[in-house]
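Inside the fold
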Amino acid sequence: MVKKAVILAGGMGSRLRERTKDHPKGFIKIDNLSIVEQSILKLIEAGIETIIIGTGYLSEQYDQLSLKYPQIQCVRNNDYEHTGSMYTLCNLKNHVSEDFLLLESDLIYEKKALGILINHKERDVILASGFTHSNDEVFIETDENNLLVNMSKNSGELKDLHSELTGITKLSIETFKVMCDFAESIFPENKQLDYETALVGISSQRNIYVHKLQDFVWCEIDNEDHLLRAEKYIYPMITLKDKNFPPVKRNVLLNPGPATTTDTVKYAQIVPDICPREEEFGAVMETITGELTRLVANPDNYSCVLFGGSGTAAVESTLSSVIGNDAVLIINNGAYGKRMCQIAKTYNLNYIEYNSSSYEAIDLLSLEQTIQHCSKKISHLCVVHNETTTGLLNDINAIGGLCKKHQIQLIVDAMSSFAAIPIDMDVMNISYLVASSNKNLQAMAGVSFVIARTEDLDNTEHIPARNFYLHLYSQYKYFLETKQMRFTPPVQTLYALKQAIVELNIEGIKRRYERYSKAWEVLINGITQLGLTYLVQKEHQSKIITAIVEPSIETYKFEEMHDYFYRKGYTIYPGKPGIEDTFRIANIGDITCKDMELFITMLENYLRSIGYLPERNEKNGFSKA
Ligand SMILES: *Cc1c(COP(=O)(O)O)cnc(C)c1O
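Keep in mind it's a predicted model, so treat the numbers as computed, not measured.

1. Regarding the sheet that holds strand β24 (residues 545-549)
If you trace the three strands from one edge of the open sheet to the other, you get β24-β27-β26, paired in antiparallel fashion. The strands lining the two open edges of the sheet, one partner per strand, are β24 and β26 (573-574). When β24 meets strand β27 (residues 582-586), the two strands line up antiparallel, connected through five bridges. In the sheet register, V549 faces β27, and the bridge partner there is T582. The strands touched by helix α18 (residues 509-529) are β24 and β27; relative to β24, the strand with the most contacts, the crossing angle is about 5 degrees.

Below, the structure is given as structure tokens:
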């Protein structure tokens, strides 16, 4: 059992100059505790009895820290200014006589890392993660047995990218000695050698196992960007994962939201009870509104207004609150465009319905002619971004351009595109964007929101209110003044949303859409191979939801197919009536293309079971079950 740890803390942290003027890097605080102390507490909790810190720059601060923890022993590298991390490590030679954990001082990480290394059957183990895209990664190349071959910051230098170095390693005493011998042969020419290079240097003599934890959350804090990312996204994620909640049964939801969520989002709802009128909760909502806005616009000019309610609540709020006596043109090319017409009708708005095919692109010329030839003044235009009815993606950029030309304010229902398809409200000339928590944001149902160009929203103050609870300007103003919603918010759902935003920001919208798109490719190719077709031409699809034409065979019944999948933990979705006979498959949420591959396999089995596809041939090695 490993009882010793070494922390490399000699360096000056020159890329954080202002912060490391008076403190070594490890003394940067997150949540009021220095990151090295957080690491020390995790090491002690994992059963480490001795922690040797290789110090250098401002070593007296580590000496001071060692007074607080009897486990700490500091060993100074007197030449830290001219040497690298391997020199600091070699400097500990006389203090280490057994296997140990090796850590960098500027890391925050999930505590499970330590247990995994301590209990690992191999004695030399590098802990590696999936790709973090932090822009400062050290990539690892391994052989087929997961043994270290090479490491580099430059991915182009490696034959194959296996994983990313985390800076947490277990070393046997023998390997440590070989590393020191290797280093001492290099020092005469280069004292700046870092320990990663030494590890690669000896990897042909010693087997260094690379243990990859795909979802491991960690980060190194080397510059201001890292620190910001660490504080806002990585640290909250680590805090939640360190709580070690038991996994929840995973269902794959292929309906267009609520989507499959991560366990960390589910568990983020378990918080101490709090009155939503407390300042602490106001800060949670303020973080949420700021972050949601930042995803699509500059918060200096745009504001986010939250409501408790499903997505339609925010659509209804916008339509009923921002349109005066002039006309609103509503594009109806699916159920959600139609819904906006129904809302407009309910509120007796002066609305013009523009009908367009639910599976072909909007004819922009004809749309413009409608605007030009309209006898009433059109002040607003409403359109759905991704028409969830069919998966048709409307060209918001072009419609935004038309609106600019004709001085019309654009209202976009981005319910099923927000947080996946990149949106820039300013570039697309969108005045109001509406979305909700439970689709691509991968959070719980119950929060909807409007992101508005603040200037336009301010100008709605004088419009007489048509309703009370959903009045947009009142909700906006009240939050601005009090950091509270007017009426009781879904407290726990908002905590989950905050966590979901953390996870979105770790992944990034662009990569989230890439992940969704990959699953969509698997879906499209899969159904094509099974002889099924989709309604919307590929180039007009959102890659988020697909309307698939139902198999034309009498034995097919959607409900039976649904139950078949439901029993296996997969939820599929019926088509909207009145278009063509379709069923729908969404590929959003915490799913991967592996889930979609499994879905296609099950779909194939189902189609065979109803006789749509021939039974499997014995010669292929399959037999009918
Ligand atoms: C999901 C969705 C909505 C909102 O539906 P709710 O059931 O109210 O959450 C609105 N518009 C579009 C395009 C949607 O996909």
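2. Overview of the sheet that holds strand β23 (residues 447-453)
Within the open sheet, the seven strands sit side by side as β15-β23-β22-β21-β18-β16-β17. Their pairing is mixed. Pairing within the sheet leaves two strands with one partner each, and these edge strands are β15 (302-308) and β17 (351-355). Across the sheet, the axes of successive neighbouring strands diverge by a mean angle of 20 degrees, strand direction being ignored. Helix α16 (residues 472-482) contacts β15, β22 (432-436) and β23 of the sheet and is inclined by roughly 105 degrees relative to β15.

3. With respect to the nonpolar core
L292, L306, L381, F418, L433, L441 and I451 are the most contacted members of the largest nonpolar core, which totals 57 residues. No other element matches helix α17 (residues 491-507), which puts eight residues into this core. Excluding residues that lie within four positions of it along the chain, L381 makes contacts with L329, I331, I371, I399, C403, I408, Q409, L410 and I411. I52, C90, V178 and A198 belong to the second largest nonpolar core, which has 35 residues in total.

4. Let's talk about the layout of surface pockets
If you add up the space inside the largest pocket, you get close to 1,500 Å³. Lining the largest pocket are 41 residues, and of these Q214, D215, F216, E507 and D590 sit closest to its centre. Sorting the residues of the lining of the largest pocket by element identifies α7 (224-241), α8 (263-267), α17, α18 and α20 (593-609) as the ones contributing at least two each. For the lining of the largest pocket, a count of residues per class yields 14 nonpolar, 10 polar and 17 charged. In this structure, the second largest pocket spans a volume of roughly 1,200 Å³. Surrounding the second largest pocket, 47 residues form its lining, K25, S85, E104, E220 and D222 being those nearest its centre. Mapped by element, the contributors of at least two residues to the lining of the second largest pocket are β1 (4-9), α3 (85-90), β10 (148-152), β11 (163-171), α6 (195-202), β13 (218-220) and α7.

5. Notes on unusual backbone geometry
Here G257 and P258 are connected by a cis peptide whose omega angle stands at -10 degrees. Its location among the elements puts P258 in the loop between β14 (252-253) and α8. The residue A419 is not glycine, and still its phi comes out positive at about 80 degrees. Relative to the helices and strands, A419 resides in the loop between β21 (409-413) and α14 (425-428). Its identity as a non-glycine residue notwithstanding, N429 has a phi of 60 degrees, on the positive side. Its location among the elements puts N429 in the loop between α14 and β22.

6. Describing the packing of aromatic side chains
Within the structure shown, the criterion is met by 14 aromatic pairs. With 4.8 Å between their ring centres and 70 degrees between their planes, F27 and Y62 make a pair best called edge-to-face. Taken together, the residues span a long stretch of sequence, with F27 in the loop between β1 and β2 (29-30) and Y62 in helix α2 (residues 59-68) at a distance of 35 residues. A single burial state applies to F27 and to Y62, both of which are buried. Clustering of aromatic rings is evident, with ring pairs tying together Y564, F565, F599 and Y606.

Rules and cut-offs
- Residues numbered from 1 in each chain as written.
- Predicted model: local features only at pLDDT ≥ 70, side-chain atom pairs only at ≥ 80, totals over all residues.
- Heavy atoms only, no water.
- Pairing = 2+ DSSP bridges.
- Helix = DSSP H or I, 4+ residues; strand = E, 2+ residues; numbered from the N terminus.
- Contact = heavy atoms within 4.5 Å.
- Axes fitted to C-alpha atoms, helices over the stretch in contact; angles between N-to-C directions.
- Core = buried A, V, L, I, M, F, W, Y, C linked by side-chain atoms within 4.5 Å.
- Buried < 20%, exposed > 50% of the residue type's maximum accessible area, 1.4 Å probe, protein only.
- 1 Å grid on protein atoms, 1.4 Å probe; cavity = no way out; pocket = protein on both sides within 12 Å on 5 of 7 lines; lining within 4 Å.
- Points joined across faces, edges and corners; volume = space filled by probe spheres on them.
- Nonpolar A, V, L, I, M, F, W, Y, C, P; charged D, E, K, R; others polar.
- Phe/Tyr/Trp six-rings, centres within 6.5 Å; stacked < 30°, edge-to-face > 60°.

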